Amino acid sequence: MKDYTSTALQVFSVYSLWAPHARWNYWRDAVGELSSNDYATLRVFSHQSEREFLVGLRAFLQDWAAAKMQPGQDAVSPPAPTADTLGALLGGLPLLHQEIAFLALAGYSQATIENILRITPAVAEDGLGRLRAGYAAAVERSHDGCLWPHAWMGICSAARANEQKDCTPLRQLIRILDGQASWYDKSPAETHRSNCLHCLELWTSLLEVAAWDRMRQPWPAEKIEQLLAAVPLKGEKRKPSLISRMFGK
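In this numbering scheme, every chain counts its residues from 1 along its sequence in written order. Confidence filtering applies because this is a predicted model: local features only for residues at pLDDT of at least 70, side-chain atom pairs given and counted only at 80 or more, and all residues used for totals across whole chains, interfaces and linings. To obtain the side-chain values, all non-hydrogen atoms of the structure were used and water was disregarded.

A few words on the overall build of the protein. Helix numbers and strand numbers start at the N terminus; a helix is a DSSP run of H or I with at least 4 residues, a strand a run of E with at least 2. Counting secondary structure elements, the protein contains 15 helices and zero strands. Each of the 249 residues in the protein was classed as buried or not, and the buried ones make up 49%. Sequence separation of 24 or more characterises 77% of the internal contacts of the protein that already satisfy a separation of 6 or more. Remark: exposure states derive from per-residue accessible area (1.4 Å probe, protein chains only) relative to the maximum for the residue type, with buried under 20%, exposed over 50%, and partly exposed in between. Whether two residues are in contact is decided by their heavy atoms, any of which lying within 4.5 Å being enough.

Right, here's the structure in full:
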């Protein structure tokens, strides 16, 4: 449990307007849902690798949080982007600049974007250029937090649902991130991603969870015990290793 609490609270920190104590309570409620019906929801996640699992957990938590929010909580000015306006905004940009702009609109400050993408401030500045006219409020934030969490998570959910047959599988994206893919595999995937919101969302979600994992902080044992109280552990026999890790077994 302690391994995933940090990830969950990062999701809520960026993609909700909830106060810190409320994020913890919502994570406890989410744990209860993940462990209900013999872990039915959790079993849908990929358990092939840690990062695949974390990407699945992030997607679940985004959808789960969005269902508990109201559109009226989103900022009014500037108005939230839509899938169409986002496509026009990113169109024609170099792929790295698309990633920078996407993460900025998602709610990340420039400093955090530099950490996630492992780029210099000068590169980040260049990538934010197209946003400055219409989305200065998002670009100039010094702390992380999406201006339009409900609308943005709706865009992300729709992008995840719009996978095409030529989209790059998550496992291949992980190989690319780790430098294990050849140029012949990497180049077509990047060309496709520059014109595919589904793959851009999936790639940036992978970068997010990888960065969160690098910044992971241990949580007090008493806090973890509070979460475990929501999990039906008694009588459970066999669990795949990632499920066992998540639920402290």
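That was the structure; now back to the text.
Moving on: the nonpolar core. Among buried residues, those of type Ala, Val, Leu, Ile, Met, Phe, Trp, Tyr and Cys that are joined through side-chain atoms within 4.5 Å constitute a nonpolar core. Ranked by size, the top nonpolar core spans 70 residues in total, and within it Trp 27, Leu 61, Tyr 108, Leu 131 and Trp 152 carry the most contacts. Ranked by residues supplied to this core, first place goes to helix H4 (residues 50-66) with nine residues. Residues in contact with Tyr 108, not counting those within four places in the same chain, are Val 14, Tyr 15, Leu 103, Ile 113, Ile 116, Asp 144, Glu 208 and Trp 212.

When you tally the buried positions in helix H7 (residues 110-117), you get six out of eight residues, the bulk of the element. For H7, the full list of buried residues reads Gln 110, Thr 112, Ile 113, Glu 114, Ile 116 and Leu 117. Here the buried face of H7 lies against helix H6 (95-106), helix H8 (121-127) and helix H13 (197-214). Where H7 terminates, the next one or two residues include Arg 118, which has phi positive at roughly 55 degrees.

Turning our attention to the environment of Gln 172. Along the chain, Gln 172 turns up in helix H11 (residues 170-177). The exposure class of Gln 172 is buried, given its relative accessible area of 18%.

Turning our attention to the pattern of salt bridges. The salt bridge definition used is simple: a Lys or Arg side-chain nitrogen within 4 Å of an Asp or Glu carboxyl oxygen. With the rule as written, the count across this model stands at 11 salt bridges. Among the salt bridges present, the one from Arg 43 reaches Asp 38, with a minimum N-O distance of 3.5 Å. Residue Arg 43 is classed as partly exposed on the basis of its relative accessible area of 39%. A salt bridge links Glu 208 to Arg 58; the nearest nitrogen and oxygen atoms lie 2.9 Å apart. Highlighted residues: Glu 208 in helix H13 and Arg 58 in helix H4, separated in sequence by 150 residues. One network of salt bridges, with partners in common, ties together Arg 58, Asp 63, Arg 160, Glu 201 and Glu 208.

The step from Ser 77 to Pro 78 runs through a cis peptide bond, and the omega angle for that step is 0 degrees. Tracing the chain through its elements places Pro 78 in the loop between H4 and helix H5 (83-90). Even without glycine at this site, Asn 37 takes up a positive phi of about 50 degrees. Phi at Arg 118 takes a positive value of approximately 55 degrees, unusual for a residue other than glycine. Relative to the helices and strands, Arg 118 resides in the loop between H7 and H8. Looking at Arg 118, the relative accessible area reads 62%, which means it is exposed.

On average, residues of the protein carry a pLDDT of 88, and 86% of them reach 70 or more. pLDDT: the predictor's confidence for each residue, scored from 0 to 100. Within the protein, the element-level pLDDT minimum falls on helix H15 (residues 241-246), averaging 46, and the maximum on H6, averaging 98. Every residue in residues 236-244 scores below 50 in pLDDT, and together they form 16 contacts with partners more than four places removed in sequence or on other chains.

By convention, a stacked pair of Phe, Tyr or Trp rings (six-membered ring in the case of Trp) has centres within 6.5 Å and planes under 30 degrees apart, an edge-to-face pair has planes over 60 apart, and any other such pair is tilted. Enumeration according to the criterion identifies 10 aromatic pairs in this entry. When the ring of Tyr 26 is compared with that of Trp 64, the centres are 6.0 Å apart and the planes differ by 80 degrees; the resulting orientation is edge-to-face. Of the two residues, Tyr 26 is situated in helix H2 (residues 20-34) and Trp 64 in helix H4; the sequence distance between them amounts to 38 residues. Look at Trp 64 and you get buried, because its relative accessible area is 7%. Over the ring of Trp 64 we find Lys 68; its NZ or CZ atom is 4.6 Å from the centre of that ring. Only when the NZ atom of a Lys or the CZ atom of an Arg is both within 6 Å of the ring centre and within 35 degrees of the ring normal do we say a charge sits over the ring. We note Arg 193 situated over the ring of Trp 203; from NZ or CZ to the ring centre the distance is 4.2 Å.

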